[in-house]
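Each chain, written out:
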Amino acid sequence: GYTATPDDAQVARTSMGTHAAVAWEWRRRAETAIDELRAAGVPVVAVETVAGAPYAHEFAFPPPPAGCALLLGNERHGLAPELLARCDAVVRLPCRGLKNSLNVAVAL
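Thresholds, definitions, all that
Residues numbered from 1 in each chain as written. Predicted model: local features only at pLDDT ≥ 70, side-chain atom pairs only at ≥ 80, totals over all residues. Heavy atoms only, no water. Helix = DSSP H or I, 4+ residues; strand = E, 2+ residues; numbered from the N terminus. Buried < 20%, exposed > 50% of the residue type's maximum accessible area, 1.4 Å probe, protein only. Polar contact = N/O pair within 3.5 Å; in protein donor to acceptor, adjacent residues only side chain to side chain. Contact = heavy atoms within 4.5 Å. Phe/Tyr/Trp six-rings, centres within 6.5 Å; stacked < 30°, edge-to-face > 60°. Lys NZ or Arg CZ within 6 Å of the ring centre and 35° of its normal. Pairing = 2+ DSSP bridges.

(A) Representation of the side chain of Thr5. Structurally, Thr5 can be placed in the segment before α1 (9-15). Residue Thr5 is classed as buried on the basis of its relative accessible area of 18%. At a separation of 2.2 Å, a polar atom in the side chain of Thr5 contacts the side chain of Asp7. Leaving out residues up to four positions away in the same chain, Thr5 has contacts with Val11, Trp24 and Trp26.

(B) View of the packing of aromatic side chains. Evaluated as defined, the whole model comprises 1 aromatic pair. Ring plane angle 80 degrees and centroid distance 4.8 Å describe the contact between Phe59 and Phe61, whose orientation is recorded as edge-to-face. Classification of Phe61 as partly exposed rests on a relative accessible area of 32%. In this arrangement the basic side chain of Arg92 is found over the ring face of Tyr55, its NZ or CZ atom lying 4.2 Å from the centre.

(C) Quick peek at the environment of Gly17. Within the element layout of this structure, Gly17 appears in the loop between α1 and α2 (30-39). Gly17 sits 11 residues away from Pro6 along the chain, and the two C-alpha atoms are 9.7 Å apart.

(D) Geometry of the pairing of strand β2 (residues 69-72). The side-chain alternation of β2 yields one buried face, formed by Ala69 and Leu71, and one unburied face, formed by Leu70 and Leu72. Relative to β2, strand β1 (residues 44-47) runs parallel, the two sharing 4 bridges. Bridge pairing in β2 places Val47 opposite Leu72.

Here you go:
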């Protein structure tokens, strides 16, 4: 995708330095990241507007310390069906109006 990483100058400015408090890794392909996480025993939960998926506030996320990884889609294209199929679960956020992307930004 074309999502900036936390080491991007604009992200650093926008986050006012808080980007340094979150551990992150980058992979060229999301499939690689999902497969590595799952192989390490980390459940992967996708956040996407999928009909019939439970709402995030109704979903029983794995508790700490194990927790889970969240897979967030591209603002314009969302997540490909192939990526959703690789995940352990898919949840959705309540959405009012026509745009979904703001819901993800506000929810996190």
